[in-house]
Amino acid sequence: MAFADTLKQLPPAAHLAELHLLDAAGEWVATIENKPGKAGALAVYAALAARHCGHIDAAAAEEGLRLFAEHTEAARAHPGSHPNIDRLFDIIASGKRLAVKLVPAL
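Residues numbered from 1 in each chain as written. Predicted model: local features only at pLDDT ≥ 70, side-chain atom pairs only at ≥ 80, totals over all residues. Heavy atoms only, no water.

For the rest of this paragraph, the subject is the side chain of N84. Here N84 is to be found in helix 5 (residues 83-94). Taking the relative accessible area as the measure of exposure, N84 reaches 10% and is therefore buried. Sequence-distant contacts of N84, defined by excluding residues within four places in its chain, comprise I32, K38, A41 and Y45. (Helix = DSSP H or I, 4+ residues; strand = E, 2+ residues; numbered from the N terminus. Buried < 20%, exposed > 50% of the residue type's maximum accessible area, 1.4 Å probe, protein only. Contact = heavy atoms within 4.5 Å.)

The strands that make up a sheet are held in pairs by hydrogen bonds between backbone atoms, and each pair lies either parallel or antiparallel. Spatially, the four strands line up as an open sheet ordered 2-1-4-3, and their pairing is antiparallel. Each edge of the open sheet is held by one strand with a lone partner, namely strand 2 (28-33) and strand 3 (55-56). Across the face of the sheet, helix 5 comes into contact with strand 1 (16-22), strand 2, strand 3 and strand 4 (98-104) while running at roughly 145° to strand 2. (Pairing = 2+ DSSP bridges. Axes fitted to C-alpha atoms, helices over the stretch in contact; angles between N-to-C directions.)

The phi torsion of most residues other than glycine is negative, and most of the peptide bonds are trans. Although it is not a glycine, C53 adopts a positive phi angle of roughly 55°. Within the secondary structure, C53 sits in the loop between helix 2 (39-51) and strand 3. Residue classification places C53 among the exposed residues on the basis of a relative accessible area of 70%. We note that A69 has phi near 50°; this positive angle belongs to a residue other than glycine. Mapped onto the elements of the fold, A69 is located in the loop between helix 3 (58-67) and helix 4 (70-77). Owing to a relative accessible area of 17%, A69 belongs among the buried residues under this scheme.

Turning to the packing of helix 2 against helix 3, a few remarks are in order. A pair of packed helices is captured by two measures, namely the crossing angle of their axes and the spacing between those axes. The N-to-C vectors of helix 2 and helix 3 enclose an angle of 140°; their axes lie 10 Å apart at closest approach. In this structure, helix 2 crosses over helix 3, and the sense of that crossing is right-handed. Along its contact with helix 2, which presents V44, L48 and R51, the element helix 3 presents A60, E63, G64 and L67. Looking at the contact of helix 2 with helix 3 residue by residue, the class counts come to four nonpolar, one polar and two charged. (Left-handed = near helix turned anticlockwise from the far one by under 90°. Nonpolar A, V, L, I, M, F, W, Y, C, P; charged D, E, K, R; others polar.)

So, about the environment of D86. Looking at the secondary structure, you find D86 in helix 5. D86 sits in the partly exposed class, given a relative accessible area of 21%. Taking the C-alpha atoms as reference points, D86 and T72, separated by 14 residues in sequence, lie 8.7 Å from one another. Ignoring any residue separated from it by four or fewer positions in sequence, one finds D86 in contact with A75, P79, G80 and S81.

Below you can see the structure in the form of structure tokens.
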């Protein structure tokens, strides 16, 4: 399934301004904003957090790579071009676990 089709099946994320990813110590790692070019990644990460008890671990990252569909292969072929997908590769390789903090839109 193409990424555009996958997005239609994910829960809506319009109610979010952004989400924050935190490491095991609770330190900020990254922010994904709800803006053009990032809204799809925000929807994927929010859905993964909902399905995986508020965290992105190796299992969630594997699922995320499937959800990103054709963009996963593009990220694999061109490291750095899709940082939100690269982060999933890193989680799988390192065994890290990131907490997800959802930030509602005002």
